Amino acid sequence: MVNNIGLTKDAGWQFGIRRTVPENVETLWEAFFSDKGLGYWAKGVDQNFSTFREYSHIRTKWKHKDFEESAHLQVRFIPSKNKDKTTISVHVDNLKNEGQREVTKKYWTIVMENLCLLTAP
């Protein structure tokens, strides 16, 4: 039996990643949605968000430049108990195939690895 990591029963292929950064949720949210932040991470993102809950999460569509169709994107901001760190969770589903999952994984891994650049002076 083949184990297709990322293949769901109902939502096509998916990918998810989380990173915790040493910023409170308000600071990170404001940086993420600033002009600088949107310019950094929002390539291909439909900025008419279907869900926009401040300091919590967004839902929208995302289309990588190499894709013909859009996928579903969800980004969540999860504050730590002592509120000095925030975990950002990115989830993309409705991907067409494993190749799109790999492209998505590469794109969002790079974005998440460099989140600290958004809050740097």
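For the structure itself, consult the block above.
Residues numbered from 1 in each chain as written. Predicted model: local features only at pLDDT ≥ 70, side-chain atom pairs only at ≥ 80, totals over all residues. Heavy atoms only, no water.

Asks: Help me out: how do you make sense of the nonpolar core in this one?
Replies: Soluble, globular proteins show a tendency: their nonpolar side chains are buried together. Counting residues in each nonpolar core, the largest one holds 31 residues, and the members touching the most others are Phe32, Trp41, Leu73, Phe77, Ile88, Val90 and Trp108. Of all the secondary-structure elements, those providing two or more residues to this core are β1 (13–21), α1 (25–32), α2 (35–41), β3 (57–62), β4 (71–79), β5 (86–95) and α3 (98–113). Per-element tally for this core: the top contributor is α1, with five residues. (Core = buried A, V, L, I, M, F, W, Y, C linked by side-chain atoms within 4.5 Å. Buried < 20%, exposed > 50% of the residue type's maximum accessible area, 1.4 Å probe, protein only. Helix = DSSP H or I, 4+ residues; strand = E, 2+ residues; numbered from the N terminus.)

Asks: Can you help me understand the sheet that holds β1 in this one?
Replies: Picture the strands of a sheet paired through backbone hydrogen bonds; they go either parallel or antiparallel. Read from one edge to the other, the open sheet built from five strands follows the order β1-β5-β4-β3-β2, with strand pairing classed as antiparallel. With partners counted over all chains shown, the strands left at the sheet margins are β1 and β2 (51–53), one partner each. Adjacent strand axes in the sheet meet at a mean angle of 20 degrees, parallel and antiparallel pairs treated alike. Across eight bridges, the pairing between β1 and β5 is antiparallel. Within β5, the position partnered with Trp13 by the bridge is Leu95. Against the sheet, α3 touches β1, β3, β4 and β5, its axis set at about 10 degrees to β1. (Pairing = 2+ DSSP bridges. Axes fitted to C-alpha atoms, helices over the stretch in contact; angles between N-to-C directions. Contact = heavy atoms within 4.5 Å.)

Asks: What's the story with α3 in this structure? I'm lost.
Replies: With 16 residues, α3 should reach 22 Å at 1.5 Å per residue; the first-to-last C-alpha distance of 22 Å fits that figure. Listed as buried for α3 are Gln100, Arg101, Thr104, Tyr107, Trp108, Thr109, Val111 and Met112. On the buried face of α3, the contacting elements are β1, α2, β3, β4 and β5. Of the residues flanking the start of α3, the one acting as N-cap is Asn97, its side-chain oxygen 3.0 Å from the backbone nitrogen of Gly99. (Expected span 1.5 Å × (residues − 1). Polar contact = N/O pair within 3.5 Å; in protein donor to acceptor, adjacent residues only side chain to side chain.)

Functional significance is not addressed by these values, which are geometric in nature.
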